[in-house]
Amino acid sequence: MNYLASGLLLGSGALWLVAHYLLPLPEFAARHPLEPWAMRVHGAAVLLAMLVLGSLWTPHLQAAWKQRRHLGTGLVLGGSWLALALSGYGLYYVADEDLRASLSLVHWGWGLALPVLLGLHLVQAQRARRPA
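Structural notes, computed from the coordinates. (Residues numbered from 1 in each chain as written. Predicted model: local features only at pLDDT ≥ 70, side-chain atom pairs only at ≥ 80, totals over all residues. Heavy atoms only, no water.)

## Overview of the overall build of the protein chain
In plain terms, the rule: Think of it this way: any DSSP run of H or I at least four residues long counts as a helix, any run of E at least two long counts as a strand, and we number them from the N terminus. Think of it in three bands: residues with accessible area under 20% of the maximum for their type are buried, residues over 50% are exposed, and the middle band is partly exposed, with areas taken using a 1.4 Å probe on protein chains only. What makes two residues a contact is simply this: any of their non-hydrogen atoms within 4.5 Å. What sets the accessible areas is the Shrake-Rupley method with a 1.4 Å probe; for residues, cover comes only from the shown protein chains. Only four residue types enter the tally: Lys and Arg on the positive side, Asp and Glu on the negative side; His and the chain ends are excluded. Lys charges are placed at NZ, Arg charges at CZ, Asp charges at CG and Glu charges at CD.
The number of helices and strands found in the protein chain is 4 helices and 0 strands. Put simply, the protein chain runs from its N terminus to its C terminus through helices and strands in the order α-α-α-α. When the 132 residues of the protein chain are sorted by exposure, 26% land in the buried category. Partitioning the contacts of the protein chain with sequence separation of at least 6, the portion at a separation of at least 24 is 62%. Roughly 9,100 Å² of accessible area belongs to the protein chain as shown, and the carbon and sulfur atoms make up 70% of that amount. Here the protein chain carries 9 positive and 5 negative side-chain charges, and the mean point of each set is 31 Å from the other.

## Remarks on helix α2 (residues 34-67)
Cut-off, in case you're wondering: Note on bend: the value at a residue is the angle between axes fitted to the seven residues ending there and to the seven starting there.
Along α2, the helix axis deviates most sharply at tryptophan 57, where the bend reaches about 65°; the proline proline 59 sits within four residues downstream. Those residues of α2 that fall on the buried side of the exposure criterion are Glu35, Pro36, Ala38, His42, Ala45, Leu48, Ala49, Val52 and Ala64. Against the buried residues of α2 lie α1 (2-21), α3 (71-93) and α4 (97-129). One or two residues past the end of α2 sits arginine 68, with phi positive at roughly 60°.

## What about the pattern of salt bridges?
Defined as follows: Definition used for salt bridges: Asp or Glu carboxyl oxygen within 4 Å of a side-chain nitrogen of Lys or Arg.
Across all of its chains, the model carries 1 salt bridge by this definition. In this structure, arginine 100 engages glutamate 97 in a salt bridge whose closest nitrogen and oxygen atoms are separated by 3.9 Å. Placement of both arginine 100 and glutamate 97 in helix α4 is noted, with a separation of 3 residues, approximately one turn of the helix. By relative accessible area, which is 55% here, glutamate 97 ends up exposed.

This is how it looks when you write it as C-alpha cells:
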C-alpha cells in the first residue's frame, strides 16, 4: 500500500508539473485542464499516504528505532515526508505569492527526490538482510 500511495503521489504530482510547465494551454484557458484533475488525485493520494504512514508507525518505525536499524536513510525519508507535508499544507493555505513560489519549489523538489530516497532505504534494508 505504501508503494501505491507513493506512486499515486509521484504520478499525480508529475502530471501536474507537466501540465503546468510543459503542455500548451488550450485557447482561452488560464490553466491546462489536466491541472485540477492532477491535484484532485494528488489530494486523495495524500489521504492514503497519511493512512499508510500512520500504519507504519508502530510495526516499522518504532521497531526499527529501538533496534537502531537504517536510522540514516529512515530519518532522511521521514524528514522528507515531513517537508512534503508542511510544504503541501503551505501551498494550500499560504496566500503570499512569493512564499508560495518558494514552497512550490521545495515541494516538487522533495517530491521528485522521494522515490530515490525510498529506493536507497530499501536497498539498505535488503543488503542488511543478506547473510554475510
